[in-house]
Amino acid sequence: MQDNATEVTAAGIARLAGVGRAAVSNWRRRHADFPRPVGGTETSPSFALTEVEEWLRDQGKLAEVPLRERVWQQLAGHPAGPVAALLHTGCALLLVHDRPTEWLALAATDEDRDLAQRLSASLEGILTPRFGHATQRAVDTPSPADLLPSVPLLRGAAELAAELGARGTFAFLLGRHLDANPRQYTLTPPGPAELMAALAGPATTALDPACGTGALLDAVRAHDPRPGRTLYGQDASAELAALTALRLALDGNGGTDAPAVRTAVADTLRADALSDVRADVVLAHPPFNERGWGHDELAYDPRWEYGLPARTESELAWVQHALARLKDGGSAVLLMPPTVASRRSGRRIRADLLRRGALRAVIALPAGAVPPNNIPLHLWVLRRPGTGAPAAPELLLVDTASLAESGDVREQQVWDEVRSTVLDAWRAHDRDGSLEEQPGLARSVPVIDLLDDEVDLAPARRLPPPAAGGGAAQLTAVREELADTLRLTTKLAPPAVPDATPPARWPLTTVGELARAGALSLRTAATGGGPGGHARVPVLTDHDVLTSTAPSGAHAADDDPVILEAGDVVVPVVGGAAAVRVVDEADAGAALGRGLALLRPEPTALDPWFLAGFLRSTANNRQASSYASTATRLDVRRLQLPRLPLAEQAGYGERFKSLAAFEDTLRRAARLGEQLVQGLHDGLTAGTLPPDHQ
């Protein structure tokens with residue numbers, strides 16, 4: 001075995017064989033010929049992937065392993081680490097994408113060492129035209145020695161590209177890596193990234209001075225697909241700058257339509273490597289609350305046109321850097337923590353930004369739209385004033401927090417409302433210079449009114465409250481709907497509970513036994529999340545199942561999701577909550593989300609509502625749950641239900657279905673009641689409702 005062979009953990013072996021980790025533990029105990037650990041720790045050992053594949057193949061357990069899963073395991077267990085493997089894969093996929101016949105000629109080489117030698121020279125020939133000479137680019141040409149352990153991975157990735165395309169393959173692998181290491185990266189979700197690109201508008205040249213993994217520049221590329229664009233990115237991390245370059249270069253259009261990509265490795269504030277760039281658009285999700293951003297050494301930097309930022313105001317340094325890199329009239333959109341709008345140490349710079357017309361809008365997003373999920377981050381929309389251009393007399397303030405009160409902002413329909421509200425307000429303000437007031441939501445505020453001692457730009461403090469509950473008419477409508485819902489709950493309430501009877505002694509079976517007998521099929525969500533995917537389908541999340549709401553997630557088309565059908569039964573597997581959902585026609589066509597198991601009953605053997613009802617039993621969940629870790633996990637295969645004829649199942653199924661309808665109606669009544677109570681409170685405290693109002 002090679003010293004630098006790819007390694008795989010027990011969890012990876014389980015995914016390769018399509019079993020649970022407990023099965024892998026059993027194999028290790030029961031089979032003396034199971035591969036020995038080659039690394040890791042005693043509690044989390046790792047194994048040589050080639051040895052594991054050979055053993056699984058000999059045991060007949062590797063026949064149906066998806067190609068994408070095998071490629072991912074090769075990348076995740078790469079001896080140089082997953083990031084180095086991603087960079088090698090991205091370079092090879094760029095060759096597959098741009099010069100497919102050259103790759104095919106190289107891949108015909110049987111010897112890995114020979115392929116690594118020849119591939120390195122070919123990559124130099126593809127990277128230079130794409131990114132410039134070696135001294136100018138962030139993507140280094142890997143040497144033959146670097147490429148040698150990656151050759152099996154690169155062959156597999158090229159094979160996968162025949163299915164997904166080169167861009168789709170890289171997006172899948174990058175997305176899987178980001179999902180597996182969420183704490184290592186500052187990520188901008190696709191929805192907010194697309195919103196920022198839409199606010200900035202079309203661009204021939206775009207810059208992200210803190211590019212990370214390239215989400216914002218990718219959103220620019222998707223929002224404005226015209227040919228002839230140039231995308232600039234910069235990051236202090238060499239790995240991130242290289243990943244961004246490869247992600248953007250693997251454009252689905254290819255050829256002359258592909259954007260020119262230039263990424264640089266540098267500390268943007270201290271040693272800007274793109275100081276000569278003047279872009280149409282700058283987008284940034286900069287680091288927050290940095291004390292060591294270079295305050296002392298940059299005191300006389302020409303970028304501080306609006307004042308030297310305080311040591312505690314690194315965000316205002318990024319704002320001014322963005323303005324300095326714009327062409328006259330160019331737009332910038334930056335994601336900011338809410339404290340930047342009101343900290344006293346930044347009030348002079350905020351005032352000058354307003355006086356000179358550089359700051360055009362401050363938009364408060366709902367908490368949860370962008371990590372960290374407990375903070376309602378702001379979007380600052382800026383424009384570099386042109387020579388002789390008059391300053392804008394009004395600033396647009398938008399607060400979208402109220403739009404997420406009826407649901408999680410990560411639900412697609414909630415985010416769609418946030419996005420449309422923000423864009424409608426911005427476009428009207430940008431076109432007319434003012435916006436008709438939308439109480440509690442949006443307002444164009446005269447700049448002169450903001451230039452007080454605080455220069456507080458927090459939208460929530462400057463927007464008048466909405467009319468109580470939306471106004472008397474809406475309160476009346478809510479009250480009437482609540483009354484109708486309460487009447488329905490009375491109608492749906494279960495009949496009187498009879499006296500207790502001895503527990504039934506049914507013969508029992510398990511989900512695992514039913515799956516083996518063909519009475520149902522068991523599926524879990526495909527892991528992944530290609531950040532490059534833009535065609536999306538709704539995703540049923542575990543949160544949707546627990547709250548009985550519509551599918552709220554979004555799935556990249558590259559992910560090959562498990563699609564729901566009417567009659568499927570969906571069960572959350574993490575968290576310990578006894579919740580089950582039967583998929584109806586409204587949910588059919590959505591994708592299965594992570595943390596969920598899907599059971600698809602055979603109609604001639606199982607009634608879906610009978611199945612769902614017994615799976616929800618508290619005792620059933622307790623006996624099938626594992627409490628060994630910090631999170632309770634449900635082993636769906638151990639869930640039990642009685643063996644009953646289909647006709648008898650139907651009787652139980654109808655009763656369980658009526659209970660589900662009753663539960664949904666109670667939830668709706670609770671939401672309406674909360675809305676009515678809060679609306680009456682607001683009306684009384686605002687003086688729009690008299691205390692003797694009936």
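Residues numbered from 1 in each chain as written. Predicted model: local features only at pLDDT ≥ 70, side-chain atom pairs only at ≥ 80, totals over all residues. Heavy atoms only, no water.

Named according to an unreviewed UniProt entry, the chain is N-6 DNA methylase originating from Streptomyces endophyticus.

The helix and strand inventory of the chain stands at 24 helices and 23 strands. Over its C-alpha atoms the chain spans a radius of gyration of 29 Å, differing by no more than 12% from the 26 Å that the globule rule assigns to 694 residues. Taken along the three principal axes of its C-alpha coordinates, the chain extends 90 × 85 × 40 Å. Burial status across the chain gives 50% buried among its 694 residues. Once local pairs closer than 6 in sequence are excluded, the contacts in the chain between residues at least 24 apart make up 74%. Total accessible area on the chain is roughly 32000 Å²; 51% of this is exposed by carbon and sulfur atoms. Once the 69 positive and 85 negative side-chain charges of the chain are each reduced to a mean point, those two points are 2 Å apart. (Helix = DSSP H or I, 4+ residues; strand = E, 2+ residues; numbered from the N terminus. Rg over C-alpha atoms; globule rule 2.2 N^0.38 Å. Buried < 20%, exposed > 50% of the residue type's maximum accessible area, 1.4 Å probe, protein only. Contact = heavy atoms within 4.5 Å. Areas by Shrake-Rupley, 256 points an atom, 1.4 Å probe, with all protein chains shown as cover. Lys, Arg positive; Asp, Glu negative; His and termini not counted. Charge placed at Lys NZ, Arg CZ, Asp CG, Glu CD.)

To continue, consider the packing of aromatic side chains. Across all of its chains, the model carries 11 aromatic pairs by this definition. Ring centres 5.7 Å apart and planes at 85° place the aromatic pair phenylalanine 34 and phenylalanine 47 in the edge-to-face group. With phenylalanine 34 in the loop between α2 (21–30) and β2 (39–40) and phenylalanine 47 in strand β3 (residues 45–48), the pair connects residues that are 13 residues apart, well separated along the chain. Taken individually, phenylalanine 34 and phenylalanine 47 each receive the classification buried, so the pair is uniform in this respect. Seen in terms of ring centroids, tryptophan 506 and phenylalanine 614 are 5.5 Å apart; in terms of plane orientation they differ by 85°. Their pairing is edge-to-face. Taken together, the residues span a long stretch of sequence, with tryptophan 506 in the loop between α19 (472–492) and β13 (508–510) and phenylalanine 614 in helix α22 (residues 608–615) at a distance of 108 residues. Residue tryptophan 506 is classed as partly exposed on the basis of its relative accessible area, which comes to 29%. Relative accessible area serves as the criterion here: at 13%, phenylalanine 614 is assigned to the buried category. For the cation-ring pair, arginine 68 lies above phenylalanine 172, with the distance from its terminal atom to the ring centre recorded as 4.9 Å. (Phe/Tyr/Trp six-rings, centres within 6.5 Å; stacked < 30°, edge-to-face > 60°. Lys NZ or Arg CZ within 6 Å of the ring centre and 35° of its normal.)

Glancing now at helix α15 (residues 347–355). Within α15, the full set of buried residues consists of Ile349, Arg350, Ala351, Leu353 and Leu354. As for α15, its buried residues are in contact with α14 (314–324), β9 (359–364), β10 (378–383), β11 (394–399) and α17 (447–450). Looking one or two places after α15, you find glycine 357, whose phi comes out positive at around 75°.

Along the chain, alanine 273 turns up in the loop between β6 (260–265) and β7 (279–284). Taking relative accessible area as the criterion, alanine 273 reaches 42% and is therefore assigned partly exposed. When the C-alpha atoms of alanine 273 and valine 570 are compared, they prove to be 51 Å apart, with 297 residues separating the residues in sequence. Beyond its immediate sequence surroundings of up to four residues, alanine 273 is in contact with Gln234, Ala264 and Ala266.

What follows deals with the sheet that holds strand β18 (residues 581–582). Read from one edge to the other, the open sheet built from four strands follows the order β14-β20-β17-β18, with strand pairing classed as antiparallel. The sheet terminates laterally at β14 (520–524) and β18, the two strands that pair on one side only. Here four bridges tie strand β17 (residues 569–572) to strand β20 (residues 596–601), and the two strands are oriented antiparallel to one another. Across the sheet, valine 569 pairs through a bridge with leucine 599, a residue of β20. In the packing of α22 onto the sheet, the strands contacted are β14, β17, β18 and β20, and the crossing angle to β17 comes to about 15°. (Pairing = 2+ DSSP bridges. Axes fitted to C-alpha atoms, helices over the stretch in contact; angles between N-to-C directions.)

What follows deals with the side chain of arginine 343. Structurally, the position occupied by arginine 343 is in the loop between β8 (326–336) and α15. Here the side chain of arginine 343 touches glutamate 313 through a polar contact of 3.0 Å, side chain to side chain. In this structure the side chain of arginine 343 is engaged in a polar contact, spanning 2.8 Å, whose partner is the side chain of glutamate 315. (Polar contact = N/O pair within 3.5 Å; in protein donor to acceptor, adjacent residues only side chain to side chain.)

If you walk across this open sheet you meet the nine strands as β6-β5-β4-β7-β8-β10-β9-β11-β12, and the pairing is mixed. Each edge of the sheet is formed by a strand with only one pairing partner; in this case those strands are β6 and β12 (442–446). Adjacent strand axes in the sheet meet at a mean angle of 15° when their direction is disregarded.

Residues Leu119, Phe131, Leu199, Leu283 and Leu379 are the most contacted members of the largest nonpolar core, which totals 90 residues. The element contributing the most residues to this core is helix α5 (residues 82–98), with 10 residues. Discounting residues that sit within four places of it in the chain, phenylalanine 131 has contacts with Leu94, Gln136, Arg137, Val139, Ala245, Leu246, Ala249, Val261 and Arg262. Trp293, Leu298, Leu334 and Leu457 belong to the second largest nonpolar core, which has 43 residues in total. (Core = buried A, V, L, I, M, F, W, Y, C linked by side-chain atoms within 4.5 Å.)

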